[in-house]
Amino acid sequence: MNYAEDLHKFILENFLFGDDNNLKNDASLLEHGIIDSTGILELISFLEETYGITIEDDEMIPENLDSIDNINNFLNAKLKVIGQPA
Amino acid sequence: MCGLTGIFHINGPGNIPLDTLKRMTAVLQHRGGDESGIYIDDQIGLGHTRLSIIDLHSGTQPIHNEDKTLWIVFNGEIFNYPELRKQLQDDGHHFYTTTDTEVILHLYERDGLNCLNSLNGQFAFAIWSTPKKQLLLARDRMGICPLHYTIQNGCIYFASEIKSIFMEKKISREIDPIALDQIFTIWAPLPGFTAFKHIHELEPGQFLQIDKDNIHLSKYWHFPIDPRNELFDDSPEELTEELTRLLSDAVRIRLIADVTVGSYLSGGLDSSGITALVAKQFNHDVHSFGIRFEEFDFDESIYQKQLASFLSVHHKELSVSNSDIASHFSEILWHSEKPILRTAPVPLFLLSKHVSENGLKVILTGEGADEIFGGYNIFKEALVRKFLSRKPDDQNRADLITRLYPNIFKNPSLKNSLIKFFAQGLDQAGDPLFSHLIRWNNTKRIKTFFAENLQKEIGDYNCIEEIRGLLPDHFDTCSTLMKAQYLESSIFLSNYLLSSQGDRVAMAHAVETRPPYLDHRIIEFMARVPAVWKILGLNEKHILKKVFKDILPKNIIDRPKNPYRAPIQQSLLTAHNSEFVESMICEAEIQKAGYFNPKKVTSLTAKLYGQKNVNEVEGMALAGILSTQIIDHQYIRNFPTDPNCPLKLDIMIDNRSNS
């Protein structure tokens, strides 16, 4: 399943306040200054609440969270493991 | 301190509107309501409101020289005036007051512009030479006292505060889009800029000499940055000894006053050290003042109590609640005259009121120590990131970042992501602005709230590029720490801390603050102290801690630095304040003022009302947007050019030929 659209919408509304700025799915959210240290916490809360998952400490790494593509892949893998439809 | 103002017809005689000059003077009376005076002739008008501190009885300004050919209005203090006065008397100069003001005038008479190099103090003044028909405006080295000016219609209008200049109805009042770009990137306008188009501020250490033939605008002092090959090679013990001597003298001369001098005591190292020096070396009857915050994370009162008892000083604390901050936010903007991204000036505004109600008008502060001795986290951050940049994959080096920000890293699971945040731009370790680029790039995200029209007006302007162009020639040869200290001191210290959080909020209640750490002798000395003695490993202000080790309790010296901050959204978005905030930043108001995108601002406030985690940049966005709207409301749309503040003149010198 592709969550990219939902993630794009969340980031657009919550961090960019509606200003798309050509946000690419493979762009690093940290390097482009889209989210900062507290933004990461917001992103994690959003993922946990929206998808009913718990993100473990060792999963909170840029490889899982630092771009829409990375988050999408991470979500797919995570939801597959806990048995939800991917 | 005091307030000064004036109008000068540059090209020759012209009508000086006395009514306007009176209004320009009257609106500054909060800076000192003890006395006021005016000088007027065919070419110039000078106005002054006085906060009497030295020579309470005969120091009424404007003050003149022996033959009344030179006239001065002055705000501030010259701390070395007793020595200068003696030299001048030996040279045959005659004084009719015992003020420091008169000393400047005679020094100028003797040395011309060179007089500026002899002054140790905090000051802004205007000297009018009647034979030369020439005006001199000057400001102290670090910009502790303010001085603004604009040149329009063949006249120069100048004043301690911009509101005084705006009393001339012919002067247009417009917010400068470039200044907004600067504030929303580096937290303050760049030196020389104000929030308003065509209104300039004399830069720290700058003077303006002007007559019909010439305008000479120049700096007589630059914030010193010594190249690595010119640093002291003395031992840390020798350096500590010399610094102790300098600091003690800086405090001594700042206690000169004909009124009681008190002290701010925050509980941190800097103000504690100053208070301890006063209590131990000069005066056993010290009155200190501190802030207590309702929000636990911001409160340091436990340390204030400990110090007050340790030093046996009379300490008074003022409790500040979130709603106090909210209810006075608008009032402090009337004084700061520029949008701000913080609320921290408000508690200091309330504290100066408390000081004034307790009958004091002079206070020593610890301002400047973090810049001069290397106290800020941004300095350590630069050093660690520079260290990491040499081996970016070294996990041990990366882990040092977590020690810098224990609060941010208190959730250990976020470590990797946060380290990535601080590792941004490691490839720019050679960039002269390396230390500050993360902060500025992060802050400028707030510009996303700018309206399209504002963005168009700003155009290609890039304030970070402008800063590059302003760097001194040998900047590249300095250490990473010295570069960061320079940026912090020349941008944020003078244009925000000493202004919105310093002079303006203190003088709002006629309280003069004196920061001994900003004595230029200390700044020049510290510029030559090697970086390693400022920040040893990750221990900030190492040498200053050595100075205080015998006069402060060990836990105060060892406690981690806690920067002075005040809550933003927790205070601005309180229930009791919501009506006011709504009236200022509702879609219709945002649309009317035209600076911001109404839809985005609405999304921001909606988000902040429900937010659990405090996001610093979004908090700054809220403060910046709200304060810009309030400044627009106060200074652009509803400015009172006919204020109802009567002026009782104690002195009126009218040298107009037709008077």
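Asker: Which parts of the structure should I look at to understand the sheet that holds strand E7 (residues 134-139) of chain B?
Answerer: Residues and elements named next belong to chain B. Within the open sheet, the six strands sit side by side as E4-E5-E6-E7-E11-E12. Their pairing is antiparallel. Because the sheet does not close on itself, it has two edges, and the strands there are strand E4 (63-64) and strand E12 (215-219). With four bridges joining them, E7 and strand E11 (residues 206-210) adopt antiparallel strand pairing. Opposite Leu136, over in E11, you have Gln209 as the bridge partner.

Asker: What's the story with the environment of B:Ser435 in this structure? I'm lost.
Answerer: Among the secondary structure elements, B:Ser435 is positioned in helix H16 (residues 434-443). Residues B:Ser435 and B:Gln485, spaced 50 residues apart in sequence, show a C-alpha to C-alpha distance of 9.3 Å.

Asker: It is not clear to me how the sheet that holds strand E17 (residues 512-514) of chain B should be interpreted in this structure. Could you clarify?
Answerer: Residue and element names in this part refer to chain B. The sheet built from five strands is open, its strands ordered E15-E14-E13-E16-E17 with parallel pairing. Looking along the sheet, the strands with just one partner apiece sit at the ends: strand E15 (314-320) and E17. For this sheet, the mean angle separating the axes of adjacent strands, direction not counted, is 30°. Summarising the sheet, strand E13 (residues 261-264) and strand E14 (residues 287-293) pair through two bridges and their orientation is parallel.

Asker: Where do I start with unusual backbone geometry in this structure?
Answerer: Glycine aside, residues mostly have negative phi, and peptide bonds are mostly found in the trans state. All names here are of chain B. Cis geometry marks the peptide bond from Gln61 to Pro62, where omega comes out at 5°. Topologically, Pro62 is positioned in the loop between strand E3 (44-50) and E4. One non-glycine residue with positive phi stands out, namely Glu337, at about 60°. Locating Glu337 in the fold gives a position in the loop between helix H10 (322-336) and helix H11 (345-357). Residue Glu337 is classed as buried on the basis of its C-beta count, with 23 C-beta atoms lying within 10 Å. At Lys541, a position not held by glycine, the phi torsion is positive, near 50°. Its location among the elements puts Lys541 in the loop between helix H22 (531-534) and helix H23 (542-548).

Asker: How do you make sense of the pairing of strand E6 (residues 121-129) of chain B when you look at a structure like this?
Answerer: Residues and elements named next belong to chain B. The element E6 is extensively covered by neighbouring structure, given that eight of its nine residues are classed as buried. Pairing geometry for strand E5 (residues 70-78) and E6, over nine bridges, is antiparallel. Bridge pairing links Val73 to Ala126 in E6. Examined bridge by bridge, E6 and E7 share six bridges and lie antiparallel to one another. Across the sheet, Phe125 pairs through a bridge with Ala138, a residue of E7. Where E6 folds back on E7, the antiparallel hairpin that results is connected by four residues, among which Lys133 adopts a positive phi of roughly 50°.

Reading the values: rules and limits
- Residues numbered from 1 in each chain as written.
- Chains lettered and ligands numbered in written order.
- Predicted model: local features only at pLDDT ≥ 70, side-chain atom pairs only at ≥ 80, totals over all residues.
- Pairing = 2+ DSSP bridges.
- Helix = DSSP H or I, 4+ residues; strand = E, 2+ residues; numbered from the N terminus.
- Axes fitted to C-alpha atoms, helices over the stretch in contact; angles between N-to-C directions.
- Buried ≥ 20, exposed ≤ 12 C-beta atoms within 10 Å, placed from the backbone.

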